[in-house]
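Chain by chain, the residues run as shown.
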Amino acid sequence: MVSRASYFLLATFIILPLGLYISTRLAQLPTRSFFPPMPRGNIFLQFSNDSQPAIKDSSMKATKLWNPVRELSRGYGRLPFPIETTDDLPNAHSVVLNCKRDLDYLFFVHTAPDHHVHRKILRDALGMGSLSLAYNWTIVFFVGLSTNKDISSAIETEAADHGDIVVLPYYDTYKNLTYKFVYGMKWVTEYCPGVKYVVKIDDDVVINLSLMMKYLNDVPASKARVLYCQVLEHMPVLRETNSPWYLSHDVYPNREYPEYCSGRGLVLRSSLLQPLYTATFGLQFHGIDDAFVTGDAALVARVGHVDISRSFSHEDKDWTKVTAGSIMFCHVHDETLRSKSWEIIVKNLTSSLKETSTSNSADNTTVSQRLKAVVR
């Protein structure tokens, strides 16, 4: 039989050193976490209504290309979306430069790879250097990858030429719209943190800009932590497997979504992007992007809603209402009508600037300088 002394010697010279060696090696292994590092206490208290993420030197470099795997995963162990194998991608270098100044508005546009005409219409209206300077805004398009090599090549050329497209590293499919929304928000917090308002639209929406700016100028400071949108309430979760909006009970057990915004057009302060983005890491992913971000994440982040449904239309026939200022947002599917709508709105905006130049003698010098930029 083995004596107690033998057990003691075995533990002292073999088992204990082996245990110490294994512990040391484990401590040296890199840790990887799915969730972002959370501060102690209530996460909702860390973001004030007017707080802005700190501007980082690296985010202000007008690089034409970016590495989304490196940038989007900064601070996290891995990314919760299906990154495709890609090289560096276009990074809206012109927008990054525009964001060096504190903008009033950033138009955050969801677009598809083959929607080059949609982007041209918006670029001609909102991307005009003269108007964007006069009204202190810029526009950025978010798009995913295409399986069509010709379309992929065309969009990379377009992105290089205009510098206003961010290409995200996954395929642009309906189910991936949530990723586009979530990582579009993160991109703005990294590259355009000083903007006051973010105006999120689809690329086939028309906005009466004068009406929108007047509305936001009249918003009280107490309404800073809300989303301005067409609010959808008591929307059922669809269980029909043939529906593009299908979600299984395992993915989304609730029968209804919390109230959320129609994603075709909504406005929010940029200070809300970070709490909304952070909230997404504690949620079960699903592909209904509007409900996920402006419903589920907003509920977690304690972000409210202001319903401006009366200022919305989803009918082409109402394009005259949006140009006349009767409504603020209109989904105009017809490209000819959409282009005409934007032309009228831009013309009216330019005329309004001229009238301001004439009537406001106190600010005559400043406004005249803006006017010269517009009519040049």
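Bear in mind the structure is a predicted one, so any value in this text is a computation, not a measurement. (Residues numbered from 1 in each chain as written. Predicted model: local features only at pLDDT ≥ 70, side-chain atom pairs only at ≥ 80, totals over all residues. Heavy atoms only, no water.)

K.L.:
Can you tell me about the pattern of salt bridges, naming the residues and giving the values?
P.N.:
Tallying each qualifying case throughout the model produces 10 salt bridges. Here Asp202 and Lys200 are joined by a salt bridge, their closest N and O atoms 3.6 Å apart. Residue Lys200 is classed as buried on the basis of its relative accessible area of 1%. Each member of the salt-bridge network shares a partner with another, and the members are Arg119, Arg123, Glu158 and Asp164. (Salt bridge = Lys/Arg side-chain N within 4 Å of Asp/Glu carboxyl O. Buried < 20%, exposed > 50% of the residue type's maximum accessible area, 1.4 Å probe, protein only.)

K.L.:
Go over the nonpolar core, please, and point to the residues and values.
P.N.:
Core analysis: the biggest nonpolar cluster contains 91 residues, and Trp187 and Ile207 have the highest contact counts within it. Filtering out sequence-adjacent residues up to four positions away, Trp187 remains in contact with Trp66, Asn91, Ala92, Val95, Val96, Val140, Phe142, Val166 and Cys192. Judged by nonpolar contacts, the second largest core, of 7 residues, contains Val237, Tyr252, Tyr257 and Tyr260. (Core = buried A, V, L, I, M, F, W, Y, C linked by side-chain atoms within 4.5 Å. Contact = heavy atoms within 4.5 Å.)

K.L.:
Describe the sheet that holds strand β12 (residues 329-331), listing the residues and the values that go with them.
P.N.:
The mixed open sheet is built from 3 strands, whose spatial order is β7-β12-β11. Either end of the sheet is taken by a strand with one partner, and the two such strands are β7 (205-207) and β11 (312-313). The pairing of β7 with β12 spans 3 bridges and is antiparallel. In the sheet register, Val206 faces β12, and the bridge partner there is Cys330. (Pairing = 2+ DSSP bridges. Helix = DSSP H or I, 4+ residues; strand = E, 2+ residues; numbered from the N terminus.)

K.L.:
Give a detailed account of the packing of aromatic side chains, specifying residues and quantitative values.
P.N.:
Tallied over the full model, the rule gives 17 aromatic pairs. Ring centres of Phe108 and Phe142 lie 4.6 Å apart, and the angle between their planes is 40 degrees; on these two criteria the pair is classed as tilted. Linking Phe108 in strand β3 (residues 105-110) with Phe142 in strand β4 (residues 137-145), this pair joins segments that are 34 residues apart in sequence. The interplanar angle of 80 degrees and the centroid separation of 5.2 Å between the aromatic rings of Tyr277 and Phe281 together place this pair among those described as edge-to-face. (Phe/Tyr/Trp six-rings, centres within 6.5 Å; stacked < 30°, edge-to-face > 60°.)

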